[in-house]
Amino acid sequence: MTSAHVADSPGRSRTRMTRARILEAARQELGRDPDSSLGDIAEAAGVVRRTVYGHFNGRAALVEGLVEDATQALRRALEVPHASEPDAVAALARFVLAVWPVGGRYRMLLRLAPQDLGAERVAQVLAPARETAATIIAQGQRQGVFQSSVPADPLSRALEGHLLGLLECVNAGTWTDDGTHTATAALIAMGVDRDIAVACVRHLRRPDLAGA
């Protein structure tokens, strides 16, 4: 039997599906209550606790599974060549619109970070987004469309704080958005005129550009 047949075997497929179901239950349960137990997560996933332990040897491994999923989702969102967009304003708007849904899906990790992840692991997850944002901001500063009183790297950290802060507000129930207002606010924070920011995001939100 070839490796491809082994990889696609029904048993392996069921294993992957069960793992995915457990992770989805963990995402929802930990979002509802960061102190949810493995028993709570097993019940939500429709499996016994022993099955959870068969995939993850404890809470730390389960949270790391969520982190790995979030990391992969973020990298996929960043595959769009934002930095090759000649217009830095549009590039930054595309960047925010791409990463916001990922942040929204995995925002429960913000609550878990201090206890379960730590600053170094968070930095590893965010590194690709930080690099992309800094590149776009530097491009915008060269084009004269973003403020230049702060260098690109610190300004990208300020943008990161802006996005993470709004995700915390989503967790708290004080902010809801599909990314439109978040992207507009990000552009304004970078020094873009409000009317230009609104028009740019509105243009990118056009249905015929959604997959562009």
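The shown structure was predicted, so the numbers you read here are calculated from the model rather than taken from an experiment.

Peer 1: Hey, could you run me through the overall build of the protein chain in this one?
Peer 2: Scanning the protein chain from terminus to terminus reveals eleven helices and zero strands. Listed N to C, the secondary structure of the protein chain is α-α-α-α-α-α-α-α-α-α-α in terms of helices and strands. Residues counted as buried form 41% of the 212 residues belonging to the protein chain. When contacts within the protein chain are restricted to residue pairs at least 6 apart in sequence, long-range pairs at least 24 apart make up 68% of them. Of the roughly 11400 Å² of accessible surface on the protein chain, a fraction of 53% belongs to carbon and sulfur atoms.

Peer 1: I would appreciate a short explanation of the pattern of salt bridges in the present structure.
Peer 2: For side chains of opposite charge, pairing can occur when their charged atoms come near one another. Evaluated as defined, the whole model comprises eight salt bridges. Between D116 and R59 there is a salt bridge; the shortest N-O distance is 3.0 Å. Within this pair, whereas D116 is found in helix 7 (residues 108-117), its partner R59 is found in helix 5 (residues 59-77), the two being separated by 57 residues in sequence. On the basis of relative accessible area, D116 is assigned to the partly exposed category, the value being 25%.

Peer 1: What am I meant to see in the packing of helix 5 against helix 7 here?
Peer 2: Across the interface, helix 5 lies against helix 7 with an axial gap of 11 Å and an inter-helix angle of 130 degrees. Taken as axis vectors, helix 5 and helix 7 run oblique relative to one another. Relative to helix 7, the crossing made by helix 5 is left-handed. On the side of helix 5, the interface is formed by R59, V63, L66, V67 and A70, while helix 7 contributes L109, L112, Q115, D116 and L117. Taken together, the residues that form the contact of helix 5 with helix 7 break down as seven nonpolar, one polar and two charged.

Peer 1: Explain the confidence of the model for the protein chain to me, please; I cannot follow it from the model alone.
Peer 2: Interpretation of the predicted coordinates at a detailed level should be avoided for regions scoring low in pLDDT. In this model, the protein chain carries a mean pLDDT of 88, and residues with pLDDT of at least 70 account for 90%. Between the elements of the protein chain, mean pLDDT differs from a low of 49, seen in helix 1 (residues 3-7), to a high of 97, seen in helix 10 (residues 180-189).

Peer 1: Explain the layout of surface pockets to me, please; I cannot follow it from the model alone.
Peer 2: Any space left empty among the atoms is revealed by the rolling of a water-sized probe across them. Taken as a whole, the largest pocket spans an internal volume of roughly 530 Å³. Lining the largest pocket are 26 residues; nearest its centre among them are G103, L110, L126, L164 and L167. Taken together, the elements giving at least two residues each to the lining of the largest pocket come down to helix 5, helix 6 (88-105), helix 7, helix 8 (119-143) and helix 9 (152-172). Considered class by class, the residues forming the lining of the largest pocket number 21 nonpolar, two polar and three charged.

Peer 1: How should I be thinking about the environment of T18 in this particular structure?
Peer 2: With respect to the element layout, T18 can be found in helix 2 (residues 10-32). Sequence separation of T18 and G46 is 28 residues, and the distance between their C-alpha atoms is 9.6 Å. Discounting chain neighbours no more than four positions away, the residues touching T18 are V47, T51 and H55.

Peer 1: I keep staring at helix 7 and nothing clicks. Help me out?
Peer 2: Given 3.6 residues per turn, any residue in an α-helix points the same way as the ones three and four places further on. Within the sequence span of helix 7, burial applies to M108, L109, L112 and A113. Looking straight down helix 7, one finds its buried side chains confined to an arc of 140 degrees; they lie on one side. Structural note: helix 7 exposes P114 and Q115 on the side pointing more than 90 degrees away from its buried face.

Reading guide: rules and limits
Residues numbered from 1 in each chain as written. Predicted model: local features only at pLDDT ≥ 70, side-chain atom pairs only at ≥ 80, totals over all residues. Heavy atoms only, no water. Helix = DSSP H or I, 4+ residues; strand = E, 2+ residues; numbered from the N terminus. Buried < 20%, exposed > 50% of the residue type's maximum accessible area, 1.4 Å probe, protein only. Contact = heavy atoms within 4.5 Å. Areas by Shrake-Rupley, 256 points an atom, 1.4 Å probe, with all protein chains shown as cover. Salt bridge = Lys/Arg side-chain N within 4 Å of Asp/Glu carboxyl O. Axes fitted to C-alpha atoms, helices over the stretch in contact; angles between N-to-C directions. Parallel < 35°, antiparallel > 145°, perpendicular 65-115°, else oblique. Left-handed = near helix turned anticlockwise from the far one by under 90°. Nonpolar A, V, L, I, M, F, W, Y, C, P; charged D, E, K, R; others polar. pLDDT = per-residue confidence, 0-100. 1 Å grid on protein atoms, 1.4 Å probe; cavity = no way out; pocket = protein on both sides within 12 Å on 5 of 7 lines; lining within 4 Å. Points joined across faces, edges and corners; volume = space filled by probe spheres on them. Arc of directions from axis to C-beta.

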